[in-house]
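An overview of the molecular structure
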Amino acid sequence: MTQDPFAEFKQRQRQMWSTFAPTAMFTPPVAGHLVRFAQVVPGEAVLDVGTGTGVVAITAARHGATVTGLDLTPELLELARDNARIARHEDIVWTEGDAEQLPYPDGSFDVVLSQFGHMFAPRAEVAMAEMRRVLKPGGRVAFATWPPEHFVGRMFAFVGRNSPPPPAGASPPPQWGNPATVTERLAPHFGAPFFERGTMNYPALSIDHFRLFMERSVGPMQKLVEGLAGDPQKLAALRDEFDAMAAPYFSGNVMHQNYLLTRARVK
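First, a word on scope: everything that follows refers to the structure included in this document. Predicted, not measured: the structure shown is a model, and the values here were computed from it. (Residues numbered from 1 in each chain as written. Predicted model: local features only at pLDDT ≥ 70, side-chain atom pairs only at ≥ 80, totals over all residues. Heavy atoms only, no water.)

Quick look at the overall build of the protein
Helix and strand counts for the protein come out as eleven helices and eight strands. Taken over the C-alpha trace, the protein has a radius of gyration of 18 Å; the compact-globule value for 267 residues is 18 Å, and the two agree within 12%. With the principal axes as the frame, the protein shows a C-alpha extent of 55 × 40 × 35 Å. Within the span of the protein, comprising 267 residues, buried residues form 54% of the whole. (Helix = DSSP H or I, 4+ residues; strand = E, 2+ residues; numbered from the N terminus. Rg over C-alpha atoms; globule rule 2.2 N^0.38 Å. Buried < 20%, exposed > 50% of the residue type's maximum accessible area, 1.4 Å probe, protein only.)

Okay, here's the thing in structure tokens:
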């Protein structure tokens, strides 16, 4: 096998997302939405790509599926195992691995799911081809992603503008939230996609509380703030920019974060 040109980038991602667990506390409602939207039924073999702390995998198991969860970050998989134990679904198989090199035989699963996970694989076409490869004939894919025009997509663009550039050829994650782009990426392997939208709510007492939470638990924001620790003036300006970007989405002690769901069946 040839050397992965993105190996160093993925190693940084593995480390960057190790602090994600506090954020995952707010994602179970989205997981419930995604599993319903994916139409998971008892007895199906389901793969959750970028499982993180296991919220989608465990939700699918509660629907009666036989579930495998894969993630790049071992610290998150340890939490996923603990969550599965508490939920009494210790039969879930957890795998440390890469969305661009899924360690499963062709045609292993009825459904492949991803909640804000596969979108961070640097090569969209490679991740999509791998998700198709491990699906059975007639299988389907369903995922949740962040639209570029709403808060989280804008936040990742904001981080990107203020951080070293990714390796050449890496796809910006929020592109996965554009229905036209998603349709184009699915076209070689899947039929026409079906879309649905939802909102994930983060409780917060103020935008300052929300920003501090993001700085402590969301890897890209955390790295950005750490990198500016020696330049208080620039850090203050960056925080002001973040607050202005977040303000339209904050009301009633809630940050409203819009997401896109996509479902498509193998051609």
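Some details on unusual backbone geometry
Unlike most non-glycine residues, Q39 shows phi in positive territory, near 60 degrees. Within the element layout of this structure, Q39 appears in the loop between α3 (28-38) and β1 (45-49). Looking at Q39, the relative accessible area reads 42%, which means it is partly exposed. Its identity is not glycine, yet F116 carries a phi of approximately 55 degrees, on the positive side. With respect to the helices and strands, the residue F116 is situated in the loop between β4 (109-115) and α6 (124-133). Residue classification places F116 among the buried positions, given a relative accessible area of 13%.

Things to note about the packing of aromatic side chains
Taken as a whole, this structure holds 18 aromatic pairs when the rule is applied. The interplanar angle of 70 degrees and the centroid separation of 6.4 Å between the aromatic rings of F6 and F9 together place this pair among those described as edge-to-face. Exposure class is identical for F6 and F9. Each is buried. Considering the side-chain rings of W17 and F20, the 5.7 Å spacing of their centres and the 80 degrees angle between planes classify their relative orientation as edge-to-face. Using a relative accessible area of 13% as the deciding quantity, one classes W17 as buried. Each residue in the set F26, F151, F158, Y202, F210, F213, F242 and Y249 is aromatic and connected to the rest through ring pairs, giving one cluster. Here R185 stacks its cationic end above the ring of W176, 4.7 Å away from the centre of that ring. (Phe/Tyr/Trp six-rings, centres within 6.5 Å; stacked < 30°, edge-to-face > 60°. Lys NZ or Arg CZ within 6 Å of the ring centre and 35° of its normal.)

A word on the packing of helix α7 (residues 151-161) against helix α10 (residues 219-227)
What describes two packed helices is the angle between their axes and the distance between those same axes. Contact geometry for α7 and α10: axes closest at 10 Å, N-to-C directions at 35 degrees. Crossing of α7 against α10: the hand is left-handed. Where α7 approaches α10, its residues M155, F156, F158 and V159 are matched on the opposing element by P220, M221 and L224. Its residues placed into classes, the contact of α7 with α10 shows seven nonpolar, no polar and no charged. (Axes fitted to C-alpha atoms, helices over the stretch in contact; angles between N-to-C directions. Left-handed = near helix turned anticlockwise from the far one by under 90°. Contact = heavy atoms within 4.5 Å. Nonpolar A, V, L, I, M, F, W, Y, C, P; charged D, E, K, R; others polar.)

Brief notes about the packing of α7 against helix α11 (residues 232-246)
Running from amino to carboxyl end, α7 crosses α11 at an angle of 160 degrees, the nearest separation of the two axes being 10 Å. On the basis of the axis angle, α7 is roughly antiparallel to α11. Seen along the crossing, α7 lies across α11 with a hand that is right-handed. Contacts between α7 and α11 involve F151, R154, M155, F158 and R161 on the former and, on the latter, L238, E241, F242, M245 and A246. Split by residue class, the contact of α7 with α11 holds seven nonpolar, no polar and three charged. (Parallel < 35°, antiparallel > 145°, perpendicular 65-115°, else oblique.)

Here's the deal with the environment of V40
Turning to its location among the elements, V40 is positioned in the loop between α3 and β1. Considering only alpha carbons, one finds V40 and H63, 23 residues apart in sequence, at a separation of 6.9 Å. What V40 contacts, discounting residues up to four positions off in sequence, is V35, V46, A60, H63, A65, L113 and R140.

Focus on helix α8 (residues 179-186)
Turning to α8, its buried residues number three or more, namely V182, R185 and L186. With its buried residues spanning 95 degrees around the axis, α8 presents them on a single face. In α8, the exposed positions that point more than 90 degrees away from the buried face belong to A180 and E184. On the buried face of α8, the contacting elements are α6, β5 (135-145), β6 (194-203) and β8 (254-265). (Arc of directions from axis to C-beta.)

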